[in-house]
Amino acid sequence: PQDINNMIAADLQASLAAANTAAAGKTLRITDTQTATADITFSASTMLWIPCPGKISWTDGVNVNFDRPEQIQAGDCQIFDAKVGVHFVKGGKINPKWWGASGSAAASTNQTAFEQAILSLPSGDDIQSVMPVLDPYQVTGTLLSQSRNFDVLCNDHGGGFILTTSATNRDLFRWTGTTKRQTVDGCYLKTSSTIVTDLAMKAWTLDRGNAISSMPSDSLFVFTHNKVEGFNFGPFIDCGIESSSTFFCVSFVAEYNVIKTGGSGGASAVNEGINLLRVDNALVRHNILNGDGKSEHCLYAIHPRNIDFSGNECYGYVNEAIKLKTLSTYAGHVNPK
């Protein structure tokens, strides 16, 4: 068809840049490896068709800019180098396999692929993207949101993350910077082995208290239909502000999760099913929370403004099943409802 430009040597294109110019308003088809030697920006009117084993590569320091993920039609395989360079102006759906992630790949390979997939997304309070996670991926360390807003959708436990290394305060995922919205749904989140020490490892964490995240106003975290196993915590949220004017920073929804946590069994306060510190609204319902005879608390909540903890099943906890602290000594804070 006349509206498809094939980017192959036989077409005598001088370069990827030349092909990009000629493909405005058309579809650029890439079936081999094409390398950008200078910054390149694909027009919003250009579609890219990259069937396997097509790939866009680039020299270090070069930027490969797109308008949106949806302008790429690609196979379920690697189409980008696993390094910094890809940037989208608008949000959309991205596939971590485009950077080399694979359910059978080494944990270090997946770690890099997911880091670069996240960094390719635009940042900004009003830009939302989606990352389908349809395989179980091994990763070696903490993944960071990098001020991006994106939903992680795992297809009812068909996909998720396996953290292969344990270390003090090593989390599977952390909100960082100005991230303010995220839904995590249907994911299997586990460690490769059961944690039996108090390493304070969290499956998913939002921590303004330690200045990891700024959590802009009206932030929302939704954690639903997930299975969590092996961490010291399930989801962990700490707004960490001791001022009545800026005290509450996030609304949290956790429903229909199965969370099994572990630890030493001591009263160390680092082993909880769900931990909420200084949140605005918390809706925590219909979860099955298992302390495995070693975790301290099912729910550990410090001064939530509004909380609904109902319809949950808690068992296997060695201290209080529900621990609610109102911190009434802080002047100006409303009583929780």
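Up top is the structure.
Residues numbered from 1 in each chain as written. Predicted model: local features only at pLDDT ≥ 70, side-chain atom pairs only at ≥ 80, totals over all residues. Heavy atoms only, no water.

Caption draft 1: Region of the structure containing the packing of aromatic side chains. Within this structure, the stated rule accounts for 15 aromatic pairs. Relative to W204, the ring of F173 has its centre 4.4 Å away and its plane inclined at 20°; by these criteria the two rings are stacked. Placement of the pair is F173 in strand β15 (residues 173-174) and W204 in strand β18 (residues 202-207), with a sequence separation of 31 residues. Looking at F173, the relative accessible area reads 3%, which means it is buried. The class for W204 is buried, based on a relative accessible area of 0%. These aromatic residues form a ring-pair network of at least three members: F42, W58, F66, F80, F88, W98 and W99. (Phe/Tyr/Trp six-rings, centres within 6.5 Å; stacked < 30°, edge-to-face > 60°. Helix = DSSP H or I, 4+ residues; strand = E, 2+ residues; numbered from the N terminus. Buried < 20%, exposed > 50% of the residue type's maximum accessible area, 1.4 Å probe, protein only.)

Caption draft 2: How the structure looks around the layout of surface pockets. By volume, the largest pocket is sized at about 200 Å³. As for the largest pocket, its lining consists of 17 residues, and the residues nearest its centre are N169, K202, D207, N210 and F236. Elements represented by at least two residues in the lining of the largest pocket include exactly β18, β21 (233-238), β24 (272-277) and β27 (297-302). With three residues, β18 is the largest single contributor of residues to the lining of the largest pocket. Split into classes, the residues belonging to the lining of the largest pocket amount to nine nonpolar, four polar and four charged. What the second largest pocket holds in volume is close to 150 Å³. Around the second largest pocket, the lining residues are D76, K93, I94, N95, P96, K97, W98, P132, L134 and Y137. (1 Å grid on protein atoms, 1.4 Å probe; cavity = no way out; pocket = protein on both sides within 12 Å on 5 of 7 lines; lining within 4 Å. Points joined across faces, edges and corners; volume = space filled by probe spheres on them. Nonpolar A, V, L, I, M, F, W, Y, C, P; charged D, E, K, R; others polar.)

All we've got here are geometric facts, nothing functional implied.
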